[in-house]
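# Fold and geometry: a report
As a plain string of letters, each chain reads:
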There are 6 protein chains.
Amino acid sequence: MRILVVNPNSTTSMTVRIAAAARSVAAPGTEILAVNPPSGPASIEGYYDEALAVPGLLAEIERHEGTIAGTVIACFDDVGLDAARSLATAPVIGICEAAMQTASLLGGRFSVVTTLARSVPALERLAQRYGMAGRSTIRAAGVPVLALEDPASGAVDRVRAEIRRAMEQDGAESIVLGCAGMADLARSLGEEMGLPVVDGVTAAVKLAEGLAALGLRTSKAGGYAAPLPKAR
Amino acid sequence: MRILVVNPNSTTSMTVRIAAAARSVAAPGTEILAVNPPSGPASIEGYYDEALAVPGLLAEIERHEGTIAGTVIACFDDVGLDAARSLATAPVIGICEAAMQTASLLGGRFSVVTTLARSVPALERLAQRYGMAGRSTIRAAGVPVLALEDPASGAVDRVRAEIRRAMEQDGAESIVLGCAGMADLARSLGEEMGLPVVDGVTAAVKLAEGLAALGLRTSKAGGYAAPLPKAR
Amino acid sequence: MRILVVNPNSTTSMTVRIAAAARSVAAPGTEILAVNPPSGPASIEGYYDEALAVPGLLAEIERHEGTIAGTVIACFDDVGLDAARSLATAPVIGICEAAMQTASLLGGRFSVVTTLARSVPALERLAQRYGMAGRSTIRAAGVPVLALEDPASGAVDRVRAEIRRAMEQDGAESIVLGCAGMADLARSLGEEMGLPVVDGVTAAVKLAEGLAALGLRTSKAGGYAAPLPKAR
Amino acid sequence: MRILVVNPNSTTSMTVRIAAAARSVAAPGTEILAVNPPSGPASIEGYYDEALAVPGLLAEIERHEGTIAGTVIACFDDVGLDAARSLATAPVIGICEAAMQTASLLGGRFSVVTTLARSVPALERLAQRYGMAGRSTIRAAGVPVLALEDPASGAVDRVRAEIRRAMEQDGAESIVLGCAGMADLARSLGEEMGLPVVDGVTAAVKLAEGLAALGLRTSKAGGYAAPLPKAR
Amino acid sequence: MRILVVNPNSTTSMTVRIAAAARSVAAPGTEILAVNPPSGPASIEGYYDEALAVPGLLAEIERHEGTIAGTVIACFDDVGLDAARSLATAPVIGICEAAMQTASLLGGRFSVVTTLARSVPALERLAQRYGMAGRSTIRAAGVPVLALEDPASGAVDRVRAEIRRAMEQDGAESIVLGCAGMADLARSLGEEMGLPVVDGVTAAVKLAEGLAALGLRTSKAGGYAAPLPKAR
Amino acid sequence: MRILVVNPNSTTSMTVRIAAAARSVAAPGTEILAVNPPSGPASIEGYYDEALAVPGLLAEIERHEGTIAGTVIACFDDVGLDAARSLATAPVIGICEAAMQTASLLGGRFSVVTTLARSVPALERLAQRYGMAGRSTIRAAGVPVLALEDPASGAVDRVRAEIRRAMEQDGAESIVLGCAGMADLARSLGEEMGLPVVDGVTAAVKLAEGLAALGLRTSKAGGYAAPLPKAR
């Protein structure tokens, strides 16, 4: 079984870390194919970056169509998720959706700790869409995405501090890490903090494997119908 | 005052009709600049078309930045609305948002009559986002977008029939036409049906003029902060 | 085009200020006819004042029926809005509805700064009705309505301080001024605070002009059907 | 204990029937004082009638202030409920609120059968306000209010037929009668239909008695603070 | 009229206090029969205790079937409420539902003060179910249930302090006491605090009396249909 | 890895079929331990059966505590889910929650086809709890649970017919089978109907495996805190 993990930004070092996180939880028979578009925004920090990342993301999905059992979109804004589901025949999982679903299986309220404040409104809207608005709080640690690539940036300390605030102020029973670039932090932060810390990349890999094992694919009976043939 | 009206699909004949509708309601001092991207999907029928239309839409907005008082995105899916608001300094109005707001000023429940069934889920999600889910029903007339360009297609009759069903079955107090390609039908259908029929293009032009007169611009204090400088 | 602006309280000095604000944004061809009932509560501060103000408000609307293109109800509680829509043939706009709609076009979350704490529950209910509860916070500056008529009262400073709290604590991307008596403050406070500050009177005038230009009137197909003839 | 039951319309024959229904369930020690304003709309059928009925209603409440243990507003639109709560020191119960609460204790989904279609939007909004929108359906029997005063009008048959439709189509587990003029029908229709049929007048009397026994009064700590002294 | 009040935990001293509170508000003709299961959890503090208390609760209801006019479940988690409604022919009232309904008649926002933090999620879910989530806040005083049986425990002081926080921070217009063991505190705390303090046991007794007087019983037309005969 | 699958009713033949379905999707290294309580209701059809099944369910979970990687509760009412999460240290998955989450990854709207009409209200409440109420419809096929054990009962035909109605009337993009006794029908019905048909037992097994692989356990920081020591 091959799972395509697309990092929709063009920062290859982040793709490498995402791939490692994905492989750390993949089942023995699962091959993780981690890619990123050759060009496009270096990081996704707000709606404009999101929009520009989508065509490259869709091209990656199209390129691997027919050879994969499922796709994970490894950006916490779930960029291009609907378009990808229309395009692909295999299931597509967004890491925000995956992480929120997973957190909801482990406790009641959860808090998301994302990077920059400008991303909070987009994630609040996703929480609304996924039926999680009533049980979640979205917080920003004030960390640019690419600071997560730099161990000297102090980014992890700021994430840790924000998790503490979530525990004290939000009634959070679990924490969701709100950026694919935090994928490798979940396990250690969870042990340190003493409550479940969920990362979306790893959660999505398990959901994709699960759907494949169940023989389930995206429904084409509604909004995810295959694109109509036309001039584009 | 110059209002930019962007038809995000690449069908110029539709842009011409949209422009005419926009001009029919514009105030004396308002110049309507109607454009479409030179390439991209010929019509927007589902999430995949939406995603591919956005970069061309944003390029048009960027090209006219600084010379306009406001922008109307003339696709009922409100494609690229958030990215456009981040990018532009002048206000940006989506025609779905404009039409739903306008309908909500005229009565209680309203029904949207859009083109194809595959677009219904996207519009239901917009109704949710705009706080209108509890008072609206989304319906499809089974009309491809470009059939609206062809008087011989019978498209208008199918729209008319769907409006009748909305009046009989939904308790609709007003009707929203769910495609920019229907912009020129609103007034005549309203007179024929005896209840308000709202088109988003014309509604959005008036909202854009209004915001300009009020001296109001998109807030940059949250999710619509200007894009950060970075490799794209 | 003539727009009727009804201040439903009986304080003529407030009507004068409301009229000036309305005229400051009206289109060249728009005549603003600003009135208030000859008697009734001097200010509207709570549900009881609301109820007593409505008959006078309706009498003003009835008196001008047939001569106007639209009516603005210039009290932020949107008092009598439904009854006025039933009674009038031209559109009727409430300033709370107008301001919330306008704010929602400019950003995500917004905060309303109103006068007295006793008005907060009524405005929270309006936010719910208009589909804005999930994105808005209602705050009171602790300012009696008529203090806004008195430059020496310090009322504006208290409004300014409450706006600052909204920016710091609510994640507000824009501010809505929650009283018709604040109509003349929006532009200067917006410039001072660096984010959009929306006033309902001016916003409603532009919406009323827009509906008139679109040829749209209140639907009589549901709850706003004309009153039945009967002894009253 | 004296309970004031105000029929806010001016049709005395309806007040007589409402009083009889109220007395039929009142506890031994409860005196029912049923009144209506001397003038005002003969029936309340829509928002305009509602608005005009409120001042007379408030005058009745004011006239009996200090002599009663609670007030029931006997119009299913719960007209003037908030103003009455501000004005009165004893509790005030609306019959829509009372009936919906009572129905929610007896089953899951319920349907309201009211008089005219024009009243449906107002009742849907009340269901929203009372937290009952997700479990209720509002239906109109097409019966003018005063037809309920006339045994030869066939009104009861139309109510009966609408209850049957609610049972077949809505999944209704109980029925709420949506007009004070139906107060005397609840018990017989319940027996005939084999499911709970709730009337608001009688339900509200029991709630008012209950609050009095509990020693509870309207909170003056928020929106129901006593009206401020001012020119009215 | 006989009302069965079941304390679903096995602490008889609490049953005695609950019975006294119930009798203090019961109508002259009402007999309060207060019972608890002979075994089961000594107090209900979380979901596990809830689950284990239900069979004993149902056995008490079954034992008195046919001899009572209504049942009150005197645990603020409303444990076993749905099963009890299926089983019994007379109405069944949960004290959380009763208290929240009662508070909603007295003001807008209310806060619940319960015992331990672990019970907050369950009560938030009940608020959601009863349509009260948008107007309520759930708080814990950090008091074990059985500390309420011990005057020397300081429990009442902690409840008092939490009520003060609710008044200062939540905009609470009334307070709901979130444990049957607080039933005897409502009246004195209400007088002390100057706003309505609602206890569910007493509120539920009045609702049960009311339903009996109205001749209303649980609907068997849906989810509360009588259990099917089968091996159990 | 050992996954405990508890059928909370006492019908062993159903446990056998549930076990087979679970094993058909389990990963190579996963052992499925399928059990049912030795006594308790033979099937779960309504709230009363639910309540009586829980103690036996909890006893099974307690008996295997410490030896398993996760538990699946194989009743579509998700009976005892909260209590089980409090009790167990390993994750616990309800099959309704699992199926609804899975369906939400495959399309927009989905319909649940359950057994008897009396179970619909309970499932509607679960849909509300899981954030799925806005995108789901609950339907009953009119099939007693144990009819699913009998190939001659015609039960499968009735399920098939109800799926067809869901496709025609609800806009369902996928189907959820609303009873553990339907676990073996999902794959064949999906192929026959041409849209995803999701069964909760198999979906829950994959979620339980996934959580185990991610090293995630139920949060004990809130409502699922371990039961307090006390007399029970």
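Worth saying up front: this structure is predicted, and the values here are computed from it rather than measured.

Contact between chain B and chain E is absent, and the minimum C-alpha spacing across the pair is 15 Å. Taking C-alpha atoms only, the smallest gap left between chain C and chain F, which are not in contact, amounts to 15 Å.

For the rest of this paragraph, the subject is the relation of the copies chain A and chain F. Between the two copies, chain A and chain F, the superposition gives an RMSD of 0.0 Å; the rotation angle is 180° and the shift along the axis is 0.0 Å. Expressed as an axis order, the relation between the two copies is that of a two-fold axis. For chain A, the minimum C-alpha distance to the rotation axis belongs to Gly131(A) and amounts to 1.9 Å.

All names here are of chain E. The strand order across the open sheet formed by 4 strands is S2-S1-S3-S4, and the pairing between neighbours is parallel. Each edge of the sheet is formed by a strand with only one pairing partner; in this case those strands are strand S2 (31-35) and strand S4 (92-94). The average angle at which neighbouring strand axes cross in this sheet is 20°, direction not considered. Bridge analysis of strand S3 (residues 70-73) against S4 gives 3 bridges, and the strand direction is parallel. Pairing of valine 72 across the sheet is with isoleucine 93, part of S4. Set on the sheet, helix H1 (residues 12-25) makes contact with strand S1 (2-6) and S2; between it and S2 the angle comes to about 165°. Those strands touched by helix H2 (residues 47-64) are S1, S2 and S3, and its axis lies near 165° from that of S1.

Time to look at helix H2 (residues 47-64) of chain D. Residue and element names in this part refer to chain D. The first and last C-alpha atoms of H2 sit 26 Å apart over 18 residues, in line with the 26 Å expected at 1.5 Å per residue. Residue valine 54 marks the point of greatest curvature in H2, where the axis turns by about 35°; the proline proline 55 follows within four residues. If you check which residues of H2 are buried, you get Tyr47, Tyr48, Asp49, Glu50, Ala51, Ala53, Val54, Leu57, Leu58, Glu60, Ile61 and His64. Glycine 66 sits one or two residues past H2 and shows a positive phi near 90°.

Before going further, it helps to examine the packing of helix H1 (residues 12-25) of chain F against helix H8 (residues 200-214) of chain F. All names here are of chain F. Remark: H1 packs on H8, axes separated minimally by 9 Å, with the N-to-C direction vectors making an angle of 45°. What the angle tells us is that H1 and H8 run oblique. Of the two possible hands of crossing, H1 and H8 adopt the one that is right-handed. Mapping the contact onto sequence places Ile18, Ala21, Ala22, Ser24 and Val25 in H1 and Val201, Thr202, Val205 and Lys206 in H8. Here the contact of H1 with H8 is composed, by residue class, of 6 nonpolar, 2 polar and 1 charged.

Turning next to the packing of aromatic side chains. Under the criterion given, the structure shown has 6 aromatic pairs over all chains. Pairing Tyr47(E) with Tyr224(F) gives two aromatic rings, centres 5.6 Å apart and planes at 40°, and the pair type is tilted. With Tyr47(E) in helix H2 and Tyr224(F) in the segment after H8, this residue pair bridges two chains.

A few words on the interface of chain A and chain F. Each side of the interface is counted separately: chain A has 38 residues, and chain F has 38 residues. Around 2900 Å² of area is buried between chain A and chain F when both sides are counted, 63% of it from carbon and sulfur atoms. By the criterion of area lost to chain F, the three top residues of chain A are Leu105(A), Leu106(A) and Leu214(A), representing 23% of everything that side buries. Across the chain A-chain F interface, the total number found is 0 salt bridges. Where chain A packs against chain F, one counts 13 residue pairs in polar contact (both at pLDDT 80 or more). Contributions of two or more residues to the side of chain A that touches chain F are made by strand S4 (92-94), helix H4 (95-104), strand S8 (197-199) and helix H8 (200-214) of chain A. Element by element, the count of residues in the side of chain A that touches chain F is highest for H8(A), at 8 residues. For the side of chain A that touches chain F, the residue count by class is 17 nonpolar, 13 polar and 8 charged.

Right, let's get into the nonpolar core. Core analysis: the biggest nonpolar cluster contains 178 residues, and Leu177(B) and Leu177(C) have the highest contact counts within it. Contact partners of Leu177(C), with chain neighbours within four places excluded, come to Phe76(C), Val113(C), Val159(C), Ile163(C), Met182(C), Leu185(C), Ala186(C), Leu189(C), Val197(C) and Val198(C).

Moving on, we get to the pairing of strand S5 (residues 110-114) of chain E. Residue and element names in this part refer to chain E. Most of S5 is tucked away: 5 of the 5 residues are buried. What you see with S5 is no split at all: Phe110, Val112 and Thr114 on one side and Ser111 and Val113 on the other are buried throughout. Here S5 pairs with strand S6 (residues 136-140) via 5 bridges, running parallel. Counterpart to valine 112 in the pairing with S6 is isoleucine 138.

All names here are of chain A. For helix H6 (residues 155-169), with 15 residues, the first-to-last C-alpha span of 21 Å sits near the 21 Å given by 1.5 Å per residue. If you check which residues of H6 are buried, you get Ala155, Val159, Glu162, Ile163 and Ala166. Axial view of H6: buried residues confined to an arc of 105°, hence all on one face. Relative to its buried face, H6 has exposed residues pointing more than 90 degrees away, namely Asp157 and Glu168.

All names here are of chain A. Looking at the assigned domains, one finds that chain A contains domain 1 (2-95 + 203-214) and domain 2 (97-199). With centres defined by C-alpha atoms, the gap from domain 1 to domain 2 works out at 20 Å. Between domain 1 and domain 2 lies a buried interface of about 2200 Å² when both sides are counted; carbon and sulfur atoms form 54% of it. Sorting the residues of domain 1 by area buried against domain 2 places Arg17, Glu45 and Phe76 first, and these three jointly supply 32% of that buried surface. The interface formed by domain 1 and domain 2 includes 4 salt bridges. We note a salt bridge from arginine 129 to aspartate 82, for which the minimum N-O separation is 3.0 Å. Every element with two or more residues in the side of domain 1 that touches domain 2 is listed here: helix H1 (12-25), helix H2 (47-64), helix H3 (81-87), S4 and H8. Ranked by the residues each element gives to the side of domain 1 that touches domain 2, the list is headed by H1, at 5 residues. In terms of residue class, the side of domain 1 that touches domain 2 is made up of 15 nonpolar, 5 polar and 7 charged.

Parameters at a glance
Along every chain, residues carry numbers that run from 1 in the direction the sequence is written. Working convention: letters from A go to chains and numbers from 1 go to ligands, in the order in which they are written. Reporting in this predicted model follows two pLDDT cut-offs: at least 70 for local features of residues, and 80 or more for side-chain atom pairs to be given and counted; totals over whole chains, interfaces and linings ignore these cut-offs and use all residues. By convention in this description, side-chain values take in all heavy atoms of the structure and omit both hydrogens and water. Contacts are residue-level and defined by heavy atoms, with any inter-residue pair within 4.5 Å sufficient. Residues below a pLDDT of 70 in either copy are left out; the C-alpha atoms of the rest, at least 70 in both, set the least-squares superposition of the copies. Each pair of strands is called paired provided DSSP finds at least two bridges between the two strands. To qualify as a helix, a DSSP run of H or I must reach at least 4 residues; to qualify as a strand, a run of E must reach at least 2; elements of each kind are numbered from the N terminus. Only the contacting stretch of a helix is used when fitting its axis, a line to C-alpha atoms as for every element, and angles between N-to-C directions run 0 to 180 degrees. Take the residue count of a helix, subtract one, and multiply by 1.5 Å to get its expected span. To get the bend at any residue, fit one axis to the seven residues that end at it and another to the seven that begin at it, then take the angle between the two axes. Relative accessibility decides the category of a residue: with a 1.4 Å probe and only protein chains considered, values under 20% of the type maximum give buried, values over 50% give exposed, and everything between is partly exposed. Roughly parallel covers angles under 35 degrees, roughly antiparallel covers those over 145, roughly perpendicular covers 65 to 115, and oblique covers all other angles. Left-handed describes a crossing whose near helix is turned anticlockwise from the far helix through less than a right angle; right-handed describes the clockwise counterpart. Each residue receives one of three labels: charged for Asp, Glu, Lys and Arg, nonpolar for Ala, Val, Leu, Ile, Met, Phe, Trp, Tyr, Cys and Pro, and polar for the others, Gly being one of them. Note on aromatic contacts: the rings of Phe and Tyr and the six-membered ring of Trp form a pair at centre separations within 6.5 Å, being stacked when their planes are under 30 degrees apart, edge-to-face when over 60 apart, and tilted otherwise. Here the quantity called buried area is the accessible surface, traced with a 1.4 Å probe, that two parts lose on coming together, added over both. The salt bridge definition used is simple: a Lys or Arg side-chain nitrogen within 4 Å of an Asp or Glu carboxyl oxygen. Two N or O atoms form a polar contact when they lie within 3.5 Å of each other; inside protein one atom must be a possible hydrogen donor and the other a possible acceptor, and for residues adjacent in sequence the pair counts only when both atoms belong to side chains. Think of a nonpolar core as a cluster: buried Ala, Val, Leu, Ile, Met, Phe, Trp, Tyr and Cys residues, connected wherever their side-chain atoms sit within 4.5 Å. What the arc covers is the set of directions going from the helix axis to the C-beta atoms. The start and end points of each domain follow an automatic or database-based domain assignment.

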